[in-house]
Amino acid sequence: MGPRKKTTAHKPLKPDENSAWSALKALVDGFATTARHLGRKPITESYPEVKRQLPDRSRARIVLTRDPDGRERCVACYLCSAVCPVSCISMQSAEQPDGRRYARWFRINFGRCIYCGLCEEACPTSAIQLTPDFENVQRDILTLVFEKKDLLVDGCGKDPSYNFYDYAGVTTDQRGKGEHASEAPPVNVKSNLP
Ligand code: SF4
Ligand code: SF4
């Protein structure tokens, strides 16, 4: 066995040298970021004169939409009201002569709403939808209680072709269960029995 080679171990940096090096690097990085932005054109939007177009998925003022045939989408199923974490939705259900359910009255207290979007997620008819309209500030908090006439809009909103009654499998004056082209005929549960 020959003589062992003498290895040259790196001398570890002292704690003071490490922290000095990190501080210097952070300083250089900071100045480099500032320098990069010096030549950039500033983006200044003079709100409210210039109103920025927010993404469609932005969650602000809530509306009640209509079916493509213009009828009210809401069937007053209470799901949005049940899921709302701050209990700011209330309504009363009723039935039209042709068998379609609707909300006799529908109320949202925007003074409590936290714009979480859970009501929209829960809605089976795509009736309740959050819009990007965030300019809903009032001095008198009581004016933030919106009634159905304030919520109901003329359009379909995000889903222009969906009609709950084409898939719902419920009987109305116009057709029975399973009679729409988009529906499957109802299953006779007794046929599955032995
Ligand atoms: S967005 Fe959230 S808090 Fe507002 S009404 Fe819907 S479920 Fe309630
Ligand atoms: S808005 Fe939708 S979830 Fe709420 S009651 Fe009407 S149909 Fe049901």
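These figures come from a predicted structure and were not determined experimentally. (Residues numbered from 1 in each chain as written. Chains lettered and ligands numbered in written order. Predicted model: local features only at pLDDT ≥ 70, side-chain atom pairs only at ≥ 80, totals over all residues.)

## Some words on the environment of I128
Worth spelling out the cut-off: Numbering goes from the N terminus for both helices and strands, where a helix is a DSSP run of H or I of at least four residues and a strand is a run of E of at least two. Three exposure classes are used, all based on how many other C-beta atoms lie within 10 Å of a residue's own C-beta (placed from the backbone): buried at 20 or more, exposed at 12 or fewer, and partly exposed between those limits. Contacts are defined on C-beta atoms placed from the backbone: any two residues whose C-beta positions lie within 7 Å are in contact.
When you line up the elements, I128 lands in strand 4 (residues 128-130). Classification of I128 as buried rests on a count of 25 C-beta atoms within 10 Å. Between the alpha carbons of I128 and L64 there is a distance of 4.7 Å; along the sequence they are 64 residues apart. Dropping the residues within four chain positions of it, I128 is found in contact with I62, L64, C80, C119, E120 and C123.

## Quick word on the sheet that holds strand 3 (residues 101-109)
Put simply, the rule is: Here the rule is simple: two strands pair whenever DSSP picks up at least two bridges between them.
If you trace the three strands from one edge of the open sheet to the other, you get 2-3-5, paired in antiparallel fashion. At either end of the open sheet lies a strand with only one pairing partner, and these are strand 2 (89-95) and strand 5 (145-146).

## A few points about the UniProt feature "binding site: [4Fe-4S] cluster 1" (unreviewed entry) in the protein
To keep it simple, the criterion reads: UniProt positions are given in the numbering used here, feature names are shortened, and annotations may be inferred rather than shown by experiment.
Within the UniProt annotation, "binding site: [4Fe-4S] cluster 1" (unreviewed entry) is assigned to C74, C77, C80 and C123. In summary, the annotated positions, though distributed over 50 residues, converge in three dimensions, the widest C-alpha pair being only 10.3 Å. Its location among the elements puts C77 in the loop between strand 1 (62-64) and helix 2 (79-83). Assessed through the 18 C-beta atoms surrounding it within 10 Å, C77 is described here as partly exposed. Topologically, C80 is positioned in helix 2. Filtering out sequence-adjacent residues up to four positions away, C80 remains in contact with I89, C119, A122, C123 and I128.

## Structural notes on the pairing of strand 3
Examined bridge by bridge, strand 2 and strand 3 share seven bridges and lie antiparallel to one another. Note that in strand 3 the partner of I89 across the bridge is I108. The antiparallel pairing of strand 2 with strand 3 creates a hairpin that spans five residues between the two strands, and G99 there sits at a positive phi of about 100°. By the bridge criterion, two bridges tie strand 3 to strand 5 in an arrangement that is antiparallel. Bridging from a neighbouring strand, I108 pairs with F146 of strand 5.

## Brief notes about the UniProt feature "binding site: [4Fe-4S] cluster 2" (unreviewed entry) in the protein
With numbering aligned to this structure, UniProt lists the feature "binding site: [4Fe-4S] cluster 2" (unreviewed entry) at C84, C113, C116 and C119. Taken along the chain, the residues just named run across 36 residues; in space they keep tight, none of their C-alpha pairs more than 10.5 Å apart. Those residues within four positions of C84 in sequence are excluded, and the remaining contacts are I89, L118 and C119. Note that C119 resides in helix 3 (residues 118-122). We classify C119 as buried; it has 24 C-beta atoms within 10 Å. Setting aside chain neighbours within four positions, we find C119 in contact with C80, V83, C84, I89 and I128.

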